[in-house]
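As a plain string of letters, each chain reads:
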Amino acid sequence: MSLTEARAAVATTIADQRDNLLAISHQIHDDPELSYQEFRSAALLADQLGAAGYDVTLGCYGLDTAFEAVIGEGDVTATLCLEYDALPKIGHACGHNIIATAGLGAAIALAPLAAEAGVRVKVLGTPAEEHGGGKVDMLRAGAWEDSTFSLMVHGMTTGDVAVERTVFTAVERFQVTFHGVASHAAGAPWLAVNAGAAATLSLTAMALLRQHIPHTANINAYISNGGAATNIIPDLAELQVEVRAADLDVHRDLKQRVMNCFEGAAIATGCTWEQHATENGYAPVKHDPDLSRIWDANLSTRGRTLDDSYDLGGGSTDMGNVSQVLPGLHGTVALDGCEAAPHQVAFEQAAASPAGDDAVLDAAAALAWTVLDVAHDPALRADLLARQAARPVGATTVDSI
């Protein structure tokens, strides 16, 4: 089968599967499950892939709500990533129902074409992108060790943007704890070592630091535990902190400067302090230029106009860790007419609207076409295989942040 015929077959399958795919998207949307608890969504997607002929394992790589589905044979393994976790209180306000169903549609369309194209299609259900970092857990367990390249898509606001203009930053989240000595706030304040004061000083230091960091970086923190009563000087204060930057070296330097804020506050107040990570760290997304070019062309083929005049993004994703160790694509697809940003209630509503449905179908086709375009491009195929061969065994299991 020629590439033209294979691409036409994808379009036909996506059209035939329209009602099924949109029903699944809406089912996931209307039944939101939080990170690492996505049992119903994972089972639904796994069942669909099994019905399409995939060899499916539900519960893998150490995560109960992860799954792996494989079909086809060949020296190239294309790995599709599906996300399906929701946000606390506001459900699928990041549109992960679109991510999951677009990936599912692409997988169903590729199932009868993979073997002839010489491609092994691997679908990974990746839990806990919003909080926790399921892909980081799965990377450490070797989920991408046999992958040649990996791709996924995310719903986005406003209009469609060229991949190279989308920015997804590194992020690390951690808790800082100050320890002091409690005392009566009026009767014997001179006996206290004020952990609350240390927390306040550290936030002030971070606020002053913001003037001196790049516009592609961001720091934020709040006091999550600062005392129990106004007449007790607290001996314990806890802060939740995050550091973001688009460049990994900038991120690492900025994190150290933030740590200095806490160290300085501890010295000034006489407190001791400690910190520990509360979630897996996310690396910046590294867009593969060839995959990005192909994706942009395929999304345009679906009738979408891509703007390359401005940068879009600022958020973070555990797909960044994947992209740091093998060629990756994190495409976006707009929910036309939606002015709300992800993580807003209006975006949650748009994720199951006609605009969200169009995003599912267009992204499913573009993902499948991108896999086929790689498979039918001898030079690109050879380059990707050479890069895979040069990757040391176990490289994907090493943390990239």
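Definitions and limits used
Residues numbered from 1 in each chain as written. Predicted model: local features only at pLDDT ≥ 70, side-chain atom pairs only at ≥ 80, totals over all residues. Heavy atoms only, no water. Core = buried A, V, L, I, M, F, W, Y, C linked by side-chain atoms within 4.5 Å. Buried < 20%, exposed > 50% of the residue type's maximum accessible area, 1.4 Å probe, protein only. Helix = DSSP H or I, 4+ residues; strand = E, 2+ residues; numbered from the N terminus. Contact = heavy atoms within 4.5 Å. Salt bridge = Lys/Arg side-chain N within 4 Å of Asp/Glu carboxyl O. Axes fitted to C-alpha atoms, helices over the stretch in contact; angles between N-to-C directions. Parallel < 35°, antiparallel > 145°, perpendicular 65-115°, else oblique. Left-handed = near helix turned anticlockwise from the far one by under 90°. Nonpolar A, V, L, I, M, F, W, Y, C, P; charged D, E, K, R; others polar. Expected span 1.5 Å × (residues − 1). Phe/Tyr/Trp six-rings, centres within 6.5 Å; stacked < 30°, edge-to-face > 60°. Polar contact = N/O pair within 3.5 Å; in protein donor to acceptor, adjacent residues only side chain to side chain. Pairing = 2+ DSSP bridges.

Per an unreviewed UniProt entry, the chain carries the name Peptidase M20 domain-containing protein 2 and comes from Acidipropionibacterium acidipropionici.

A. A look at the nonpolar core. Y54, L80 and V123 are the most contacted members of the largest nonpolar core, which has 70 residues in total. Ranked by residue count, the leading element in this core is helix 12 (residues 354-375), at 15 residues. Beyond its immediate chain neighbours, meaning those up to four positions away, Y54 contacts L49, A69, V70, I71, A107, L110, A111, V121 and V123. If you look at the next biggest cluster of nonpolar residues, it comprises 25 residues, including M206, A245, C261 and A266.

B. View of the pattern of salt bridges. In this structure the tally under the stated criterion is 23 salt bridges. A salt bridge links D146 to R120, with the nearest nitrogen and oxygen atoms 2.9 Å apart. Linking D146 in the loop between helix 6 (134-140) and strand 5 (149-156) with R120 in strand 4 (residues 119-125), this pair joins segments that are 26 residues apart in sequence. Assessed through its relative accessible area of 29%, D146 is described here as partly exposed. Judged by relative accessible area, which is 22%, R120 ranks as partly exposed. Of the charged contacts, one joins D249 and R252 as a salt bridge, the two residues approaching to 3.9 Å between their closest N and O atoms. Of this pair, D249 and R252 both sit in helix 8 (residues 248-269), separated by 3 residues, roughly a single helical turn. According to the relative accessible area criterion, R252 is partly exposed, its value standing at 43%. Within this structure, D160, R302, R304, D336 and D362 form a network of salt bridges that share partners.

C. Geometry of the side chain of T169. Mapped onto the elements of the fold, T169 is located in the loop between strand 7 (166-167) and strand 8 (170-179). Residue T169 is classed as buried on the basis of its relative accessible area, which comes to 4%. Every residue in contact with T169, bar those within four places of it in the chain, is listed here: T216, R244, A245, A246, Y282, A283, P284, G314, G315 and S316.

D. Here's a closer look at the packing of helix 2 (residues 18-29) against helix 3 (residues 39-51). Where helix 2 meets helix 3, the axes come as close as 10 Å, and the angle between the chain directions of the two elements is 165°. Here helix 2 is positioned roughly antiparallel relative to helix 3, judged by the angle of their axes. Classified by chirality, the crossing of helix 3 by helix 2 is left-handed. Here N20, I24, Q27 and I28 of helix 2 lie close against helix 3, whose contacting residues are S41, L44, L45 and Q48. Taken together, the residues of the contact of helix 2 with helix 3 break down into 4 nonpolar, 4 polar and no charged.

E. Highlighting helix 12. With 22 residues, helix 12 extends 32 Å from end C-alpha to end C-alpha; this agrees with the ideal 32 Å at 1.5 Å per step. In terms of residue burial, helix 12 counts as a mostly covered element, since 20 of its 22 residues are buried.

F. Spotlight on the packing of aromatic side chains. The final tally for this structure, using the stated rule, is 3 aromatic pairs. The interplanar angle of 10° and the centroid separation of 5.8 Å between the aromatic rings of F67 and Y84 together place this pair among those described as stacked. Within this pair, whereas F67 is found in strand 2 (residues 63-71), its partner Y84 is found in the loop between strand 3 (76-82) and helix 4 (96-110), the two being separated by 17 residues in sequence. As far as the burial class goes, F67 and Y84 line up, both buried. Their ring planes at 35° and their centres at 6.0 Å tell us that F262 and W273 sit as a pair that is tilted.

G. Looking closely at the side chain of Q240. Looking at the element boundaries, Q240 is found in strand 12 (residues 236-245). Look at Q240 and you get buried, because its relative accessible area is 19%. For Q240, the side chain forms a polar contact with the side chain of Q175, separated by 2.9 Å. Separated by 3.1 Å, the side chains of Q240 and S224 make a polar contact. Non-local contacts of Q240, meaning those with residues more than four positions away in its chain, are made with F174, Q175, N220, A221, Y222, S224 and T278.

H. Structural detail: the sheet that holds strand 12. Read from one edge to the other, the open sheet built from 4 strands follows the order 10-12-8-13, with strand pairing classed as antiparallel. Only two strands of the sheet have a single neighbouring strand rather than two, namely strand 10 (217-225) and strand 13 (272-277). Recorded for the sheet is a direction-independent mean angle of 20° between the axes of neighbouring strands. Strands strand 8, strand 10 and strand 12 of the sheet are contacted by helix 7 (residues 195-209), whose axis makes an angle of about 15° with strand 12.

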